[in-house]
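Remarks on the overall topology
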Amino acid sequence: MNKKRPVNLDLRTIKQPLPAITSILHRATGVVLFFGTLFMTYALGMSLESEAGFNETITMFEEGFFARLITWGLVSALLYHLLAGVKHLIMDAGHLEELESGTMAAKATLIAGAVAILLAGVWVW
């Protein structure tokens, strides 16, 4: 093994290309969706317990800031994850694999994701 090889383990100083950033965000939104299902499962269970539980769940989502924030976060994560997943499927089919087209697809994914997140915010709030 070459002992003179530079080793940089500080992730803050490594410059990632744009397609790598979109891929990392795709994985991160998958984790957010996984843990967000815990909150949504709790809300579903509470709404199915009784009529009072259902009314409490409706009130929580209509008036609760925290519940709306979580809902917006989950819808935003779902929309970005969907868009990035479609990009990954297109890349798996053999398209957009070159550096220039991959960067263009990453930019398009980020722009479409930002628009979708803003629209989700308008819808939730």
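Residues numbered from 1 in each chain as written. Predicted model: local features only at pLDDT ≥ 70, side-chain atom pairs only at ≥ 80, totals over all residues. Heavy atoms only, no water.

1. Brief notes about the overall build of the protein
Rules: Numbering of helices and strands runs from the N terminus; a helix is a DSSP stretch of H or I covering at least four residues, while a strand is a stretch of E covering at least two. Radius of gyration here is computed from C-alpha atoms only, and the compact-globule reference equals 2.2 Å multiplied by the residue count raised to the power 0.38. Only protein chains enter the accessibility calculation, which uses a 1.4 Å probe. A residue is then buried if its area is under 20% of the maximum for its type, exposed if over 50%, and partly exposed in between. For this analysis, residues touch if any pair of their heavy atoms sits within 4.5 Å. What sets the accessible areas is the Shrake-Rupley method with a 1.4 Å probe; for residues, cover comes only from the shown protein chains. In this tally Asp and Glu are treated as negative and Lys and Arg as positive; neither His nor the chain ends contributes. We put the charge of a Lys on NZ, of an Arg on CZ, of an Asp on CG and of a Glu on CD.
Regarding its fold elements, the protein presents 4 helices and 0 strands. From first element to last, N terminus to C terminus, the protein shows the α and β order α-α-α-α. In terms of overall dimensions, the protein is more spread out than a globule: its C-alpha atoms have a radius of gyration of 20 Å, far above the 14 Å expected for 125 residues. Over its C-alpha atoms, taken along the principal directions, the protein stretches across nearly 65 × 35 × 25 Å. Looking at the protein as a whole, 25% of its 125 residues are labelled buried. Taking contacts inside the protein between residues at least 6 apart in sequence as the whole, the part at least 24 apart equals 67%. Summed over all atoms, the accessible surface of the protein reaches about 9,200 Å², with 70% contributed by carbon and sulfur. Positive and negative charge centroids in the protein, built from 9 and 10 side chains respectively, lie 23 Å apart.

2. Quick notes on the packing of helix 1 (residues 18-49) against helix 3 (residues 65-92)
Worth spelling out the cut-off: Angles run from 0 to 180 degrees between N-to-C directions of axes, and those axes are lines fitted to C-alpha atoms, restricted for helices to the stretch in contact. An angle below 35 degrees is read as roughly parallel, one above 145 as roughly antiparallel, one from 65 to 115 as roughly perpendicular, and any other as oblique. We call a crossing left-handed when the near helix sits turned anticlockwise from the far one by less than a right angle, and right-handed when that turn is clockwise. Classification convention: Asp, Glu, Lys, Arg as charged; Ala, Val, Leu, Ile, Met, Phe, Trp, Tyr, Cys, Pro as nonpolar; all other residues, Gly among them, as polar.
Close contact between helix 1 and helix 3 brings their axes to 8 Å; oriented N to C, the two are set at 140°. With respect to each other, helix 1 and helix 3 are oriented oblique. In terms of crossing hand, the pair formed by helix 1 and helix 3 is left-handed. Taken together, the residues of helix 3 that come into contact with helix 1 (itself represented by T22, S23, L25, H26, T29, G30, V32, L33, G36, F39 and M40) are A67, I70, T71, L74, A77, L78, Y80, H81, A84, G85, K87 and H88. Partitioning the contact of helix 1 with helix 3 into residue classes produces 12 nonpolar, 10 polar and 1 charged.

3. Observations regarding the side chain of T57
What counts, and what does not: Whenever two N or O atoms come within 3.5 Å, that pair is a polar contact, provided that in protein one can donate a hydrogen and the other can accept it, and provided that, for residues adjacent in sequence, both atoms are side-chain atoms.
Tracing the chain through its elements places T57 in helix 2 (residues 51-63). Looking at T57, its side chain comes within polar contact range of the main-chain nitrogen of S47, at 3.5 Å. A polar side-chain atom of T57 sits 2.8 Å from the main-chain carbonyl oxygen of G53. Among residues more than four places away in sequence, those in contact with T57 are A43, M46 and S47.

4. Side note on a nonpolar patch on the surface
This is how it is decided: Exposure above 30% relative accessible area and the absence of a salt bridge qualify a residue for a patch, where like charges join within 9 Å and nonpolar side chains (Val, Leu, Ile, Met, Phe, Trp, Tyr) within 5 Å. Salt-bridge detection follows one rule: a side-chain nitrogen of Lys or Arg within 4 Å of a carboxyl oxygen of Asp or Glu.
Judged by side-chain polarity, V31, F34, F35 and L38 come together as a nonpolar surface patch covering roughly 450 Å² of accessible area. Here F35 lies in helix 1.

5. Let's talk about the packing of helix 1 against helix 2
The N-to-C vectors of helix 1 and helix 2 enclose an angle of 140°; their axes lie 7 Å apart at closest approach. Judged by the angle between their axes, helix 1 and helix 2 are oblique. On the side of helix 1, the interface is formed by F39, M40, A43, M46 and S47, while helix 2 contributes G53, F54, E56, T57, M60 and F61. Its residues placed into classes, the contact of helix 1 with helix 2 shows 7 nonpolar, 3 polar and 1 charged.

6. Regarding helix 1
Stated precisely, the cut-off is as follows: Take the number of residues in a helix, subtract one, and multiply by 1.5 Å to get its expected span. Axes are fitted to the seven residues ending at a residue and to the seven starting at it; the angle between these axes is taken as the bend at that residue.
Under the 1.5 Å per step criterion, the end-to-end length of helix 1 is 46 Å for 32 residues, consistent within 8% with the ideal 46 Å. Maximal helix bending in helix 1 amounts to about 25°, located at G36. Every buried residue of helix 1 is listed here: T22, S23, H26, T29, L33, G36, F39, A43, M46 and S47. Buried positions along helix 1 lie against helix 2, helix 3 and helix 4 (99-124).

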